[in-house]
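# A closer look at the structure
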Amino acid sequence: MMTNNSLSCVKEASEYLLTLDNIIIFTHERPDGDAIGSVFALQKALKRSGKMADVYFSESLSARDSALINENTYISKRRANHDYSVCIALDCGNFERLETFDKRKMLNIPILNIDHHQDNTLFGARNFVDSKACATAEIIFDILLAGKNEITGDIANCLLMGIMLDTGGLRFDNTNANVLRKVATLVDLGAEYNLIVKNIYFTKPLGVMTLESDVILAHTKIACNGKFAYAYLSEKLLDKHKTKYKDTEGTIDYIRTIDGLIITAILSKNKDGFRVSLRSNNANYPVSTIAKEMSGGGHKLAAGCTINVNTIEEAEKILLEKVSSILK
Ligand SMILES: [Mn+2]
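Scope of this entry: the structure provided in the associated data block. Bear in mind the structure is a predicted one, so any value in this text is a computation, not a measurement.

Summing up its helical and strand segments, the chain has 13 helices and 11 strands in all. For 328 residues, the compact-globule estimate of 2.2 N^0.38 gives 20 Å, and the C-alpha radius of gyration of the chain, at 19 Å, lies within 12% of that figure. Across its three principal axes, the chain shows a C-alpha extent of roughly 55 × 40 × 40 Å. The buried share of the chain, taken over its 328 residues, is 53%.

Here's what the structure looks like:
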């Protein structure tokens, strides 16, 4: 995907980064591991090269993510009433999903958009979108290498976290030999592979464990002849297990391993209706198509959207119709 304002290669992207200062870094709402890892890797690298770079999240990060990025329960430290010169948007396919503290203000400063979603709308003043990358963290890694930035152990950790989360622990179809080589390089550079694997895949708060058991036992609906499963993570259900939505990033992957499933969805309440996270186990049934029909977006195998209705029943009905038409 090329436009006039696209940066053509990682070298050009790294040279462009050198020209920036007084930076605020944003990512998409409800940030996942790739978003968080990418934001902090880039911030740490920019600061090391003497630049002013702040990051912004609308709520504090989960204990797990804070530990992985080596910041204690990270809460945004953006400067109040400060005028930033440029915004870097990471891992975000469109301007609507970008989580900022003041959207209108952001329209007045140039945006550098770095992302790997194939449906990225190229909303930046400059764009670097590589839809072949498994994660935005992979692109940041390439840019930092091209710019001969030193990748410290801390930065390597953030990048590895991003790659691990977006590849499902190097298990999804977006994992290839190149990705594995880059992971090996990150480990050489000091990323703590074993610690990251332990924290992401072998450690879960008890509340998340009981929530997931409850979801499988009582809240997962299976449709389309066993090819579609969906569950609603209501506030009530989350409260019952003393769990926050942000701790449930892995729950959809837990459900999708049920034998025979092609598409999996998790619904949750948001301010506009119901947020739907979608996963496909088969690229011939891309969930990006379903998400797009409902003004969302994403990748073939992982996508999301919001259904603007008032009740969960209405949301489930609409979702079921869309998924059924794809699985026919
Ligand atoms: Mn990503």
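After presenting the structure, the write-up continues.
By way of backbone hydrogen bonds, the strands of a sheet pair with one another, either parallel or antiparallel. Spatial strand order, 6-7-8-9-11-10: 6 strands in an open sheet with mixed pairing. With partners counted over all chains shown, the strands left at the sheet margins are strand 6 (220-223) and strand 10 (297-298), one partner each. Inspection of the sheet shows strand 6 paired to strand 7 (residues 228-232) by 4 bridges, in the antiparallel sense. Across the sheet, A223 pairs through a bridge with F228, a residue of strand 7. Contacting strand 6 and strand 7, helix 9 (residues 206-219) crosses the sheet at an angle of about 45° to strand 6.

Around a metal, the ideal angle is 109.5 degrees if four donors adopt a tetrahedral arrangement and 90 or 180 degrees if six donors adopt an octahedral arrangement. Around the manganese ion, the protein contributes the donor atoms D34 (OD), D91 (OD), H116 (NE2) and D166 (OD), which lie 2.2 to 2.3 Å from the metal centre. Donor residues for the manganese ion, ordered by position in the chain, follow D-x56-D-x24-H-x49-D. One end of the pair, H116, is in the loop between strand 4 (111-115) and strand 5 (126-129); the other, D166, is in helix 6 (residues 153-166), with 50 residues separating them in the sequence. We note that H116, like D166, is buried.

Tallied over the full model, the rule gives 8 aromatic pairs. With 6.3 Å between their ring centres and 55° between their planes, F95 and F123 make a pair best called tilted. Note that F95 is positioned in the loop between strand 3 (86-90) and helix 4 (103-106) and F123 in the loop between strand 4 and strand 5, a separation of 28 residues in sequence. Three or more aromatic residues joined by ring pairs form one cluster here, namely F26, Y56, Y84 and F101. Over the ring of Y254 we find K204, and its NZ or CZ is 5.2 Å from the ring centre. Positioned above the aromatic ring of F172 is the side chain of R256, whose terminal nitrogen or guanidinium carbon lies 4.8 Å from the ring centre.

Definitions and limits used
- Within each chain, residue numbers correspond to sequence positions counted from 1 in written order.
- Local features in this predicted model are restricted to residues whose pLDDT is 70 or higher, and side-chain atom pairs enter the listing and the counts only when it is 80 or higher, whereas totals over whole chains, interfaces and linings include all residues.
- Hydrogen atoms and water are omitted, and side-chain values are computed over all heavy atoms in the structure.
- The secondary structure listing takes helices from DSSP runs of H or I that are at least 4 residues long and strands from runs of E that are at least 2 residues long, numbered from the N terminus.
- The size measure is the radius of gyration over C-alpha atoms, and the globule rule it meets is 2.2 Å times the number of residues to the 0.38 power.
- Each residue gets one of three labels from its accessible area relative to the maximum for its type: buried under 20%, exposed over 50%, partly exposed in between, using a 1.4 Å probe on protein chains only.
- Paired strands, as defined in this entry, are two strands with at least two bridges between them according to DSSP.
- The contact criterion used throughout is that any non-hydrogen atoms of two residues lie within 4.5 Å.
- Axis lines are fitted through C-alpha atoms, for helices just across the contact stretch, and the angle between N-to-C directions can take any value from 0 to 180 degrees.
- The donor definition counts N, O and S atoms within 2.8 Å of each metal and applies 3.2 Å to Na, K and Ca; water is not among these atoms, so some sites may look incomplete.
- In this analysis, rings of Phe, Tyr and Trp, with Trp reduced to its six-membered ring, are considered paired at centre separations within 6.5 Å, and the interplanar angle assigns stacked below 30 degrees, edge-to-face beyond 60, and tilted for intermediate values.
- Throughout this description, the term charge over a ring refers to an Arg CZ or Lys NZ atom that lies within 6 Å of the ring centre and within 35 degrees of the ring normal.

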